4 protein chains.
Amino acid sequence: MKLWEKDFNPNSEIEDFTVGEDYLLDQKLIKYDVMVNLAHAKMLGKIGILKVEEVDKILKVLDEIKSLDEKGEFKISKQQEDVHTAIEEFLIEKLGDLGKKIHTARSRNDQVMTDILLYCKDELKQSNQTINQLITLLKAFCKEHTGIPMPGYTHMQKAMPYSVDKWMGAFIEMLNDDLNAIDFAQTAIDKCPLGSAAGYGVPENTIKLDIKMTSDLLGFAKPFDNPLYVQNSRGKYEQIVLFALNQAMMTMNKLATDLLLFTTSEFNFFSLPDELCTGSSIMPQKKNYDVLELVKGKTKLVQAKMNEISLLSSNLPSGYNRDMQLAKEPLIQGIDISKSVLKIMILSIKNLKPNKTSLEKAMTSELYATEKALKLVKKGMPFREAYKAVSKDLK
Amino acid sequence: MKLWEKDFNPNSEIEDFTVGEDYLLDQKLIKYDVMVNLAHAKMLGKIGILKVEEVDKILKVLDEIKSLDEKGEFKISKQQEDVHTAIEEFLIEKLGDLGKKIHTARSRNDQVMTDILLYCKDELKQSNQTINQLITLLKAFCKEHTGIPMPGYTHMQKAMPYSVDKWMGAFIEMLNDDLNAIDFAQTAIDKCPLGSAAGYGVPENTIKLDIKMTSDLLGFAKPFDNPLYVQNSRGKYEQIVLFALNQAMMTMNKLATDLLLFTTSEFNFFSLPDELCTGSSIMPQKKNYDVLELVKGKTKLVQAKMNEISLLSSNLPSGYNRDMQLAKEPLIQGIDISKSVLKIMILSIKNLKPNKTSLEKAMTSELYATEKALKLVKKGMPFREAYKAVSKDLK
Amino acid sequence: MKLWEKDFNPNSEIEDFTVGEDYLLDQKLIKYDVMVNLAHAKMLGKIGILKVEEVDKILKVLDEIKSLDEKGEFKISKQQEDVHTAIEEFLIEKLGDLGKKIHTARSRNDQVMTDILLYCKDELKQSNQTINQLITLLKAFCKEHTGIPMPGYTHMQKAMPYSVDKWMGAFIEMLNDDLNAIDFAQTAIDKCPLGSAAGYGVPENTIKLDIKMTSDLLGFAKPFDNPLYVQNSRGKYEQIVLFALNQAMMTMNKLATDLLLFTTSEFNFFSLPDELCTGSSIMPQKKNYDVLELVKGKTKLVQAKMNEISLLSSNLPSGYNRDMQLAKEPLIQGIDISKSVLKIMILSIKNLKPNKTSLEKAMTSELYATEKALKLVKKGMPFREAYKAVSKDLK
Amino acid sequence: MKLWEKDFNPNSEIEDFTVGEDYLLDQKLIKYDVMVNLAHAKMLGKIGILKVEEVDKILKVLDEIKSLDEKGEFKISKQQEDVHTAIEEFLIEKLGDLGKKIHTARSRNDQVMTDILLYCKDELKQSNQTINQLITLLKAFCKEHTGIPMPGYTHMQKAMPYSVDKWMGAFIEMLNDDLNAIDFAQTAIDKCPLGSAAGYGVPENTIKLDIKMTSDLLGFAKPFDNPLYVQNSRGKYEQIVLFALNQAMMTMNKLATDLLLFTTSEFNFFSLPDELCTGSSIMPQKKNYDVLELVKGKTKLVQAKMNEISLLSSNLPSGYNRDMQLAKEPLIQGIDISKSVLKIMILSIKNLKPNKTSLEKAMTSELYATEKALKLVKKGMPFREAYKAVSKDLK
């Protein structure tokens, strides 16, 4: 069945091309689409389109779908195209004509956007928690290794004395800022699309929806004001979510880059235990930090998914454009990748060991040149003179 | 003079390559670097590195620079490399040895970042005002043209009835959301880098800086906590600023895309007066909406500048990396472009006229198909049946 | 089994993170890895590492794998990580100690790159054929519709008279150029990596490989000269392939953009039959050109995959970096998407119908303004004067 | 004067916005626009639109412009918008009515594209020479330092023995391949746009142009076949040019990344003399390799400029779109940056010194593990067993 079935059969090649992997991606959205159906049914009950007992029957079947989904047993077929069709079909199968009423005054356009925003809100919440977990861990790391000296670098050259805990402390402050970006995203996308239908609402001379009610039931801050904006937000909202997650990814990119440099045998400042490393198929001696290389690479993928959505949304007129359906995959991938990166960094940091001996040996004298100059300043020499004096001395 | 002058002359080709256009871009930063010098001098006074009268002398010269800059007469030479050197040289020229003290306990690394953040905060504030101005204008446009009908489109095909004011209303709600992104950016970058020196602070056994004082003097919410984070924020902070401005750019991209479609002779829904349009060098009849095409294109440039910075910041270790100096140009360009786009859209909207006759003629019957189906629903027919009934009728 | 198995078990979370979806993507490479094993075994035979009968035994088992793969029955398990391990394991299972010899003097690093290049060469060849098929079709379209008039547009406004066949003719010339890009890519990546081992070849004082022989057996133009370049080419070669395919994608993007504009009810220049279009779940009247919107969107995905690889390859030192393993997915996706876009455009063009009546009606008088001016020129008026004369007349 | 001047004055804000920096960028194109005017005038002479003596007069004035430009004295004013207007105005000023004839049967659309392609062809030729110069230098470097040992790395960990000349040899082979990309670009864009006018040619019932003649005069391989393709190639051709140059940039990115790692005090494999390095404004001891960091960063800019053009060209219909004018700046910048990167690398390589002592010390025993395993293989042990044996030994 197609929700837009007419009296001709769509070409099967076209069907393959247009449906794509959507039916697979939508497995992630079943949970949210059930919530949306539930809120919509209750609302249709309140405004008199459905009778109380009809609403009850629908809720019961939706509950059944929810249970099936939790057991991984609710499957969307390719022919069904998407989660919305799969659920509507299930309702019709179980409830006959009553099932055919559920799509009253809504479109897949507003449904899918509501599903996606509920999903994103959930994921942002979880990422917030994971980042907080990582921060706690980094704090413990700093506490455990307080005062172990470590050179500070600029231009990849030794610059000034620093310490292991201060170096890692920078990442704690970074992650705290990254949480603010996630907070922003959570607020920015907290609007309920349901009721905007295809993007132009429902003619008021037919049915008057209670969009405040569905918004409240679904836990949104408020409904979208202008139905057209729901469709015009596509691409923008997805980018906001990935932008927020990408902040923490940039932090992880730098941490992984640092660690890859600092675990070379030449630096030898840190190490991970063997079981977190991998080997080579040809070189018997190898202990590789693949995990850090992949963290580095995967953070770039999140950036790439965000760029992908921005390329898709470019130069599109108002209203729904099918191009934007293609944003679902990079959105979900970006979220999944950022989650896995954060989790693997938690594991890595738990096992990260500073090599105190190497770090101490690395604290060579040139790191103290600025200190020397400033001591001359304290004795009254203008800084620029002190700088030159120390500089000459080093030759 | 180079602030890092040693006893050899740097190669002139290298000098050209490394300085690049920085000395020109830095003209925009003079105003802010003066503020930074001023705060730094006062603080050095407070902690006893400079005497009261020394501070006064420095402030007087800084004031002179400020006046020169306001008249466009303070020029940074290529040989000076950057604004920091130009100002320090001017101080030395006027104050001799006293001028050589100003760079005590600071680096160009923290200076430039402070300049840039002050500049960004200013620009974000101005953008906020310009967007608010545009919103006011759009509201007036909606009021003036309330109730003029206009087809709503999905997939570029006629979908449902809408109206000129509701169509434009979507952009008002979008811009209001875009303002939230700017608010976020303003808060996110509101940290003072001064005192972080090269990225590792100043050895505490030499001089104890009062970074709270400089932060307050410069109007920041607070100083950075970890000096290394100042350098690690490079690339991130610039992206946050452009991301925020790009939100409004995406809105403008859609508005320009709509208008270019709706001003074709085939749609003919809107027009701009001749003096806002351009002609052709070969075709005598042409009236082109170049302004809208360039708005569309320029919004893409802001996105491109953001991507440019993200490419630059990829896979860099902690601490200052000279690569990031190259982020200054796309940052400034991105800000300037977004400003010009908003301003030209204000002018365009002021002059935009809906063509009522064409709009009314465009309200063809198929736009009311959903309404017909929903009226059948109100009479009790399940929606899916009503949909099929209307669909058959249309054949 | 891991090919780099030591006496500890890798952490299972790390295993999940590092293997990712590689074992699934590698299903596409089985065919090529069998070819690589085959060539390598023959070469080891020739240089005396394997005996003739050993080579024969190995070839027989490889043939078995090939047959299994053709029936879709050779599956790589997650635990095996990749195709190379799966095949080596199968050989060991069937041949015992002999199987353990196959990895002599090679690394997964050179193996995977050889697999990928063989795969890319195959795909480029197929794309070349598909584009040629499309060109033939477009030529037939032009022939069938020769001389139907059509306005030419600049700035989205009517500019000068053109015709349906000349408009489509532009796409034929574009695609012919796109074929040159594919030719370039085919030549550019035609180098055999096998024998470069981990990126530093095989110590010459141990085993002397015949890399010319394996290169010839696999149908490459020549082997890589410098083993390190094999690894340094990662990211570059993938981008070259996607760049070439993306040329045709840009052409398809423009064609789809044109068609979406020209199939609006306002232009109404072309149409596709109902069975190639889709409908709406709420609006009974809709006939949407989703297929063209998705073509437009999917061409952007190919660009995005190319950018993804460029982000991954940024700022990486010489030699194998695990980050680059992540390039496999965007490469395969980019190739698959471009293939599906070309195929669906073939179907669409086959069914595309110009609407002669609308096109003729669209040939309004302003399209002939330049012609008028040029006729004045022929009578001796300077062009700039003629332009002004016609321009005034149009008022 | 505007070439499209009508009887109203364009709004000055619009003028600023639409002209932008074009009049400055066009200074680079004067030389090529003179060539285009020259070829066009000769052709108009041949087909009888201009008389022999008229052509001669025009050629004389064009020669004057050429001389002025060579002395840097031909300036385009903002009001003139672009090089085409500046030259046409100069001709009218000098020749009166005759000057007004030069724009017969051409548009700025075909003119600018011809200018740009001539410019690109020139630049590609120069880049080819510069890359060849760099290759020669690298070969000399390899010869001079043949046989100095150097560890080969994978995953940033020591892998197998290599040597300085073999390491650098990889870059020679890479650059040789990069030259092929430049060759491809040179051929790909070698089509003459002149005569395509606004994108739809010149009505055949007015004037019959000899586009083969202008193409030959300008040194192109052939004219574009379909006038519309000239406009549809915009964005594509620019990307082809930058893609080709970016190949060498990727090579330079890797070389700079290597050198930055290998010049850290921890590796200490190579060094550049002081005069190619820079210092710090606060740390007296610093010797920084800014030049390499900026090479690394600037190569990313070339990539970014290419992406910028791809964002601009997305989803645009056939025919001239003003958006594409914005591609001129990133194109010119991308070309200029790539040129400067290649030149500075020539200087750097000329001065690069391997530190033999450090390199020899770095050849630690684990680098020879694979060699040991392969020696066991030669004695008959299956490779997988030999691998395990050596691996155990290393513990």
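Computed from a predicted model, the values in this text were never measured in an experiment.

*Asks:* Can you explain the relation of the copies chain A and chain B? Please cite residues and give values.
*Replies:* Superposition record for chain A on chain B: RMSD 0.0 Å, screw rotation 180°, translation along axis 0.0 Å. A rotation of that kind, with that shift, is consistent with a two-fold axis. Across chain A, the smallest distance between a C-alpha and the rotation axis is recorded for Phe184 of chain A, namely 3.3 Å. Looking at the interface residues of chain A, 99% of them are also at the interface in chain B, so both copies use one shared face.

*Asks:* So what's going on with the packing of helix α10 (residues 236-262) of chain C against helix α12 (residues 328-351) of chain C? Residues and values would help.
*Replies:* All names here are of chain C. The N-to-C vectors of α10 and α12 enclose an angle of 30°; their axes lie 10 Å apart at closest approach. The pairing of α10 with α12 is recorded here as roughly parallel in orientation. α10 and α12 meet at a crossing whose hand is left-handed. Contacts between α10 and α12 involve Glu238, Val241, Leu242, Leu245, Ala248, Met249, Met252, Leu255 and Ala256 from the first element and Pro330, Leu331, Gly334, Ile335, Ser338, Val341, Leu342, Met345 and Ile349 from the second. Each residue belonging to the contact of α10 with α12 can be placed in one class, and the counts come to 15 nonpolar, two polar and one charged.

*Asks:* A description of the interface of chain B and chain C should follow, citing residues and the corresponding values.
*Replies:* Chain B puts 46 residues into the contact, and the matching count from chain C is 45 residues. Roughly 3700 Å² of surface becomes buried between chain B and chain C when both sides are summed, with 53% attributable to carbon and sulfur atoms. The tally of links from chain B across to chain C stands at zero salt bridges. The interface formed by chain B and chain C includes 23 residue pairs in polar contact (both at pLDDT 80 or more).

*Asks:* Could you give an account of the relation of the copies chain B and chain C, with specific residues and numbers?
*Replies:* By a simple turn and slide, chain B fits onto chain C: the slide is 0.0 Å along the axis, the RMSD is 0.0 Å, and the turn is 180°. The fraction of interface residues of chain B whose copies in chain C are also interface residues reaches 98%, indicating that both copies meet through the same surface.

*Asks:* So what's going on with the interface of chain A and chain B? Residues and values would help.
*Replies:* Taken together, the 93 residues of chain A in the interface contact 92 residues of chain B. Summed over both partners, the interface of chain A with chain B buries about 8000 Å², with 58% contributed by carbon and sulfur atoms. The largest share of the area that chain A buries against chain B comes from Tyr200, Lys236 and Arg384 of chain A, three residues that together contribute 9% of it. One can count ten salt bridges joining chain A with chain B. Notably, a salt bridge pairs Glu385 of chain B with Lys100 of chain A, separated by 2.5 Å at the nearest N-O pair. Listing elements by their share of the side of chain A that touches chain B, those giving two or more residues are β1 (149-154), β2 (157-163), α7 (164-188), α9 (227-232), α10 (236-262), α11 (290-313), α14 (369-378) and α15 (383-393) of chain A. Looking at side-chain class alone, the side of chain A that touches chain B contains 39 nonpolar, 29 polar and 25 charged residues.

Calculation criteria
Residues numbered from 1 in each chain as written. Chains lettered and ligands numbered in written order. Predicted model: local features only at pLDDT ≥ 70, side-chain atom pairs only at ≥ 80, totals over all residues. Heavy atoms only, no water. Least-squares fit on C-alpha atoms with pLDDT ≥ 70 in both. Contact = heavy atoms within 4.5 Å. Axes fitted to C-alpha atoms, helices over the stretch in contact; angles between N-to-C directions. Helix = DSSP H or I, 4+ residues; strand = E, 2+ residues; numbered from the N terminus. Parallel < 35°, antiparallel > 145°, perpendicular 65-115°, else oblique. Left-handed = near helix turned anticlockwise from the far one by under 90°. Nonpolar A, V, L, I, M, F, W, Y, C, P; charged D, E, K, R; others polar. Buried area = accessible area lost by both parts, 1.4 Å probe. Salt bridge = Lys/Arg side-chain N within 4 Å of Asp/Glu carboxyl O. Polar contact = N/O pair within 3.5 Å; in protein donor to acceptor, adjacent residues only side chain to side chain.

Function cannot be read off these values alone, since they describe shape.
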